[in-house]
Amino acid sequence: MADTPALPRTDEEAAAELKALAAEIAYHNARYHTDDAPEISDGDYDALVRRNTAIEAAFPALVRPDSPSVRVGAAPAAHLAKVAHARPMLSLDNAFADEDVAEFVGRVRRFLSLRADEPVALTAEPKIDGLSCSLRYENRRLVRALTRGDGAVGEDVTANVLTIADIPRELPAGAPDLFEVRGEVYMEKAAFAALNARLLAEAEATSRPARQFANPRNAAAGSLRQKDAAVTAARPLRFLGHGWGEASDLPADTQAGVVAVLRDWGFPIADDFARCDTTDDALAVYRAIEAKRADLPFDIDGVVYKVDRLDWQGRLGTVGRAPRWGLAHKFPAERAQTTLQAIDIQVGRTGKLTPVARLEPVTVGGVVVTNATLHNADEIARLGVRPGDRIVLQRAGDVIPQIVENLTAAEHRAPFVFPDHCPECGSEAVREEGEVDIRCTGGLICPAQRIERLKHFVSRAALDIDGLGEKTIEQFVALGWLKEPADIFRLKDHREAMLALEGWKAKSVDNLIDAIEARREPDAARLLFGLGIRHVGAVTARDLLKHYTTLAAIRELGEALIALRDATTPALGEDAGKHRNRLDKAIAERIGVAQVGAAVGHALADFFHEPHNVEAWDDLMGQVTPPDYVVAARASEVSGKTVVFTGSLETMSRDEAKAQAESLGARVSGSVSTKTDLLVAGPGAGSKAKKAAELGIKVVDEAGWQAIVAAAG
Ligand code: IVH
């Protein structure tokens, strides 16, 4: 981790960060739980959750209803029916050290008031990295299979489970009438690698982006939770039994006894399952399993111990969501040393530059690792890594490995210099004030960002061009017809070639061309928004154009801001923070639009500073003629008049009141004079109200103003 960032100072800052964290964590939850396709490592995810917890601890009043500390995990996949478990599916407490295991046994003894010399036998077995599943047998027939879900309610995966060869459809005669077998559905490491290779080959054959699984557990979850059981059937899923849920009768009175019966019934049981008379024996099993971990065909992340006697399990019961009779003894994160061969910079679909470490191949926990993410420039600086360094790599629970330590001394060697240009398109790459990420500013032309940018450009809130969906954009980009927004208006030149494409008919081609032609005179604000300049959202684009009227004026503004940045050099003795504040103030003043701040100004300057963007802008302006942006004024009794607001307004902000007046064709002034036609006076109006009365100017309160607005319709 980089140095722990300071906590927010104000409620506003804390609320804003908690909101952003809730959204980000929810996003990653959905990638992990619903799509089975995580985008960040477990470590990075944990860091987000820890940050959320730390801020909530400091600002307890700001805990949000959608906070990750309140909600756990993600909603189950929408296509699977939810069914309540007859008995909850529990989780296990974790232990990391031998002493934790001794303490666990000590707690069991105390809880049961056992004599010090009374043996406590434990079972020990591998903790498989899969997803737990409950298989319900009624009258010895498999009637339902549920995933764990949130422990109380699972997802119905019966049809999918029926495709898994390891799972018996029936229990033998003599088995209880009702019995739920619980265990782990998993995918072997080799099968996972083969599946990912197949997904990659299929993606390449259809020129779609490859959707691969991050690890065998996600592959198993993704395969089991398919809508179409035929897809599950084509995925080599396996099952290992480790327990039970509701049962009309138990066939033995120990954990090991019931597990042996499960084996007799035909369920696979872990080869390394063992019954241990003492804690030391259990720890010896742990060591033995740890030693062969890399050679096992499936991923495991620890050893599970359970109190063997079922009468004791019953007395021990559960606390929270975990049984007092069970413990997961986790393996430490696996580490290995290797050489950092190069640091490559990857450009994401949104322009973020991510450094990737290329490593001399090394095996960590049975997996050959050749790459690791370095996250950002700060992480590179923190580790002080440069190509050629020896580093320590760690792989913990997940497959995305982390570099945790640099073994090469830093002395007399130049640090790695993060590029200031995008490796994909050569545009400038900038780091925003207060942000860790460095971004490419050549969004309009950058191949890495092309698809996202074009999608945004044609989206509903921007140019709103029908018939140019993501797939079509991808296809046209692949054909070399689309690189930047202006190309959209040249698509008509490809009409003949388009007709030859599969799935296109004369009607659909002409509809698309007509939809594009209908946007030759686009709304200037939508066009500006469509360019995807950072911080220029739909509302900001409108605010800017209300003030500047034309896109040519926006471009002049951009150039003026570049000049202003160049000219505002630090004064003698002025520190960076003060200089920045002074510059930001000057920028906001130069923009001159109340709601538009310095961040937008910097983004406009960055955008127009990049020659590629200016070229793409000019090219686009050659294709379209957006009319001047004039806010149509509604006819009202204040049209053409001068209005002054005073006192405190209660139902709206001053900015909103001003915008309302302008939209009604009124001028807004700050002071009362003979030219004033109307004074809107809220509570606490002082000298202005007095002066208006003296001059005989009409005065209304806030409600009176609202009536004028409402009358205009
Ligand atoms: S026993 C109350 N045994 O680990 C006991 N669980 O951290 C619950 N798991 O949800 C489970 N291998 O998905 C048990 N040999 C094993 C296991 C195992 C993997 C998973 C299971 C459970 C999670 C708890």
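Remember, it's a predicted structure, so these values are computed and weren't measured experimentally.

Conventions and cut-offs
All residue numbers here refer to positions counted from 1 along the written sequence of the relevant chain. Reporting in this predicted model follows two pLDDT cut-offs: at least 70 for local features of residues, and 80 or more for side-chain atom pairs to be given and counted; totals over whole chains, interfaces and linings ignore these cut-offs and use all residues. Computation of side-chain values: all heavy atoms of the structure, hydrogens and water removed. Secondary structure follows DSSP: runs of H or I at least 4 residues long count as helices, runs of E at least 2 residues long count as strands, and numbering of each begins at the N terminus. Each residue is assigned to one of three classes by its accessible area relative to the maximum for its type, calculated with a 1.4 Å probe on protein chains only: buried under 20%, partly exposed between the two thresholds, exposed over 50%. Any two residues having at least one pair of non-hydrogen atoms within 4.5 Å are treated as being in contact. Just so you know, the count uses Lys and Arg for positive and Asp and Glu for negative, and it drops His and the chain ends. Note that the charge is assigned to NZ on lysines, CZ on arginines, CG on aspartates and CD on glutamates. Side-chain atoms within 4.5 Å link the members of a nonpolar core, which is a set of buried Ala, Val, Leu, Ile, Met, Phe, Trp, Tyr and Cys residues. Whether a residue is near a molecule or strand depends on its heavy atoms: if one lies within 4 Å, it is near. Counting of polar contacts relies on pairs of N or O atoms within 3.5 Å, with two restrictions inside protein: one atom must be capable of donating a hydrogen and the other of accepting it, and residues adjacent in sequence are counted only when both atoms are side-chain atoms. Residue exposure ignores everything except the shown protein chains as possible cover, and the areas themselves are Shrake-Rupley values with a 1.4 Å probe. For this scheme, ten residues count as nonpolar: Ala, Val, Leu, Ile, Met, Phe, Trp, Tyr, Cys and Pro. Four count as charged, namely Asp, Glu, Lys and Arg, and the remainder, Gly too, count as polar. Only when DSSP finds a minimum of two bridges between them are two strands counted as paired. Note on definitions: angles span 0 to 180 degrees between N-to-C directions of axes, and those axes are lines fitted to C-alpha atoms, for helices only across the stretch in contact. The predictor's confidence in any single residue is recorded as pLDDT, a number from 0 to 100. Only Phe, Tyr and Trp rings take part, Trp by its six-membered ring, and two of them pair if their centres are within 6.5 Å. Stacked means planes under 30 degrees apart, edge-to-face means over 60, and tilted covers everything else. The salt bridge definition used is simple: a Lys or Arg side-chain nitrogen within 4 Å of an Asp or Glu carboxyl oxygen. UniProt positions are given in the numbering used here, feature names are shortened, and annotations may be inferred rather than shown by experiment. Each angle is binned into one of four classes, with values under 35 degrees roughly parallel, values over 145 roughly antiparallel, values of 65 to 115 roughly perpendicular, and all other values oblique. We call a crossing left-handed when the near helix sits turned anticlockwise from the far one by less than a right angle, and right-handed when that turn is clockwise.

(A) Expanded view of the overall build of the protein chain. A count of helices and strands for the protein chain gives 25 helices and 24 strands. Dimensions along the principal axes, computed over C-alpha positions, put the protein chain at roughly 100 × 65 × 65 Å. The buried share of the protein chain, taken over its 713 residues, is 46%. Considering only residue pairs separated by 6 or more positions, the protein chain has 68% of its internal contacts joining residues 24 or more positions apart. Charge separation in the protein chain, taken as the distance between the mean sites of 86 positive and 105 negative side-chain charges, equals 3 Å.

(B) Representation of the nonpolar core within the structure. Counting 91 residues, the largest nonpolar core has Phe 476, Ile 488, Leu 528, Leu 544 and Leu 604 as the members making the most contacts within it. Per-element tally for this core: the top contributor is helix α21 (residues 598–609), with seven residues. In contact with Leu 604, other than residues within four places in its own chain, are Ile 533, Val 536, Leu 544, Ile 554, Leu 557 and Leu 561. In this structure, Tyr 137, Ile 167, Ala 220 and Ala 221 belong to the second largest nonpolar core, which totals 39 residues.

(C) Expanded view of the site of the ligand. Among the 15 residues in the neighbourhood of the ligand, the closest are listed as Pro 126, Lys 127, Ile 128, Ser 132 and Glu 184. At 3.0 Å from a nitrogen atom of the ligand is found a main-chain nitrogen or oxygen belonging to Ile 128. In this structure, Lys 306 approaches the ligand through a side-chain N or O atom, which is 3.2 Å from a nitrogen atom. Burial of the ligand by the protein amounts to 87% of the accessible area it has alone, namely 510 Å². No other element matches strand β3 (residues 122–128), which puts four residues into the shell around the ligand. Among the residues forming the shell around the ligand, the class breakdown is seven nonpolar, three polar and five charged.

(D) Geometry of the sheet that holds strand β5 (residues 141–147). Read across the open sheet, the four strands follow the order β5-β4-β7-β8; overall the sheet is antiparallel. Two strands in the sheet have a free side with no partner beyond their single neighbour: β5 and β8 (237–247). Within the sheet, the average angular offset between the axes of one strand and its neighbour, ignoring direction, is 30°. Pairing analysis gives eight bridges linking strand β4 (residues 131–138) to strand β7 (residues 178–187), with the strands arranged antiparallel. The residue of β7 that forms the bridge with Tyr 137 is Phe 179.

(E) Layout of the confidence of the model for the protein chain. Averaged over all residues, the pLDDT of the protein chain is 88; the fraction at 70 or higher stands at 93%. Across the protein chain, the secondary-structure element scoring lowest on mean pLDDT is helix α2 (residues 42–58), at 72, and the one scoring highest is helix α8 (residues 255–264), at 98. Low confidence marks residues 70–76, where pLDDT is under 50. Its contacts with residues over four positions away, or in another chain, come to 15 contacts.

(F) Representation of unusual backbone geometry within the structure. Phi at Arg 140 is positive, roughly 70°, even though this residue is not glycine. Along the chain, Arg 140 falls in the loop between β4 and β5. Its identity as a non-glycine residue notwithstanding, Thr 549 has a phi of 70°, on the positive side. Tracing the backbone through its elements, the reader meets Thr 549 in the loop between α18 (538–548) and α19 (551–567).

(G) A look at the packing of aromatic side chains. Here the structure, examined in full by the defined rule, presents 11 aromatic pairs. With a centroid separation of 5.1 Å and an interplanar angle of 50°, the aromatic rings of Phe 476 and Trp 481 are classed as tilted. The residues Phe 476 and Trp 481 share a single accessibility class, namely buried. Linked through ring pairs, Tyr 137, Phe 239 and Phe 267 together constitute an aromatic cluster.

(H) Quick look at the pattern of salt bridges. Tallying each qualifying case throughout the model produces 45 salt bridges. Here Arg 141 ties to Glu 170 by a salt bridge, and the two come within 2.9 Å at their closest N and O atoms. Of the two residues, Arg 141 is situated in strand β5 and Glu 170 in the loop between α4 (158–161) and β7; the sequence distance between them amounts to 29 residues. As a salt-bridge pair, Arg 238 and Glu 188 come within 3.2 Å of each other at their nearest N and O atoms. Taken as a pair, Arg 238 in strand β8 and Glu 188 in the loop between β7 and α5 (189–205) lie far apart in primary sequence, 50 residues in all. For Arg 238, a relative accessible area of 30% gives the class partly exposed. On the basis of relative accessible area, Glu 188 is assigned to the partly exposed category, the value being 22%. In this structure, a network of salt bridges that share partners links the residues Arg 136, Glu 138, Glu 180, Arg 182 and Glu 246.

(I) Here's a closer look at the UniProt feature "binding site: Zn(2+)" (unreviewed entry) in the protein chain. Residues given the UniProt feature "binding site: Zn(2+)" (unreviewed entry) here are Cys 422, Cys 425, Cys 440 and Cys 446. Across 25 residues of sequence, these annotated residues stay compact in space, with a maximum C-alpha separation of 8.5 Å. By secondary structure assignment, the location of Cys 425 is in the loop between β18 (402–406) and β19 (429–431). Cys 425 sits in the buried class, given a relative accessible area of 14%. Not counting residues up to four positions away in its chain, the partners in contact with Cys 425 are Cys 440, Gly 442, Ile 445, Cys 446, Pro 447 and His 612. By the element assignment, Cys 440 lies in strand β20 (residues 438–440). Look past the residues within four positions of Cys 440 in its chain and what remains in contact with it is Gly 351, Leu 353, Cys 422, Cys 425, Ser 427, Glu 428, Ala 429, Cys 446 and Gln 449.

(J) Quick look at the pairing of β8. Buried residues dominate β8, accounting for eight of its 11 residues. Here β7 runs beside β8; their pairing, made up of eight bridges, is antiparallel. Paired with Met 187 across the bridge in β8 is Leu 237.

(K) Summary view of the environment of Leu 90. Mapped onto the secondary structure, Leu 90 falls in the loop between β1 (82–84) and β2 (94–95). On the accessibility criterion, Leu 90 (33% relative accessible area) is partly exposed.

(L) Seen up close, the packing of α18 against α19. Their axes nearest at 9 Å, the elements α18 and α19 cross at an angle of 100°. With respect to their mutual orientation, α18 and α19 come out roughly perpendicular. Between α18, through Leu 544, Leu 545 and Tyr 548, and α19, the contact on the second element is made entirely by Leu 551, Ala 553, Ile 554 and Leu 557. Considered class by class, the residues forming the contact of α18 with α19 number seven nonpolar, no polar and no charged.

(M) Quick peek at the packing of helix α12 (residues 450–458) against helix α13 (residues 470–478). The interhelical angle for the contact between α12 and α13, taken along N-to-C directions, is 130°, at an axis separation of 10 Å. With respect to α13, the element α12 is oriented oblique. The element α12 and its partner α13 pack so that their crossing is right-handed. Side by side, α12 and α13 meet where Arg 450, Ile 451, Leu 454, Lys 455 and Val 458 of the first sit next to Glu 470, Ile 473, Glu 474 and Val 477 of the second. Residues belonging to the contact of α12 with α13 are distributed by class as follows: five nonpolar, no polar and four charged.

(N) Molecular detail of the side chain of Arg 293. Here Arg 293 is to be found in the loop between α9 (279–291) and β10 (300–307). Residue Arg 293 is classed as buried on the basis of its relative accessible area, which comes to 14%. In this structure the side chain of Arg 293 is engaged in a polar contact, spanning 3.1 Å, whose partner is the backbone oxygen of Ile 300. Ignoring any residue separated from it by four or fewer positions in sequence, one finds Arg 293 in contact with Lys 189, Ile 300, Asp 301, Phe 331, Pro 332 and Glu 334.

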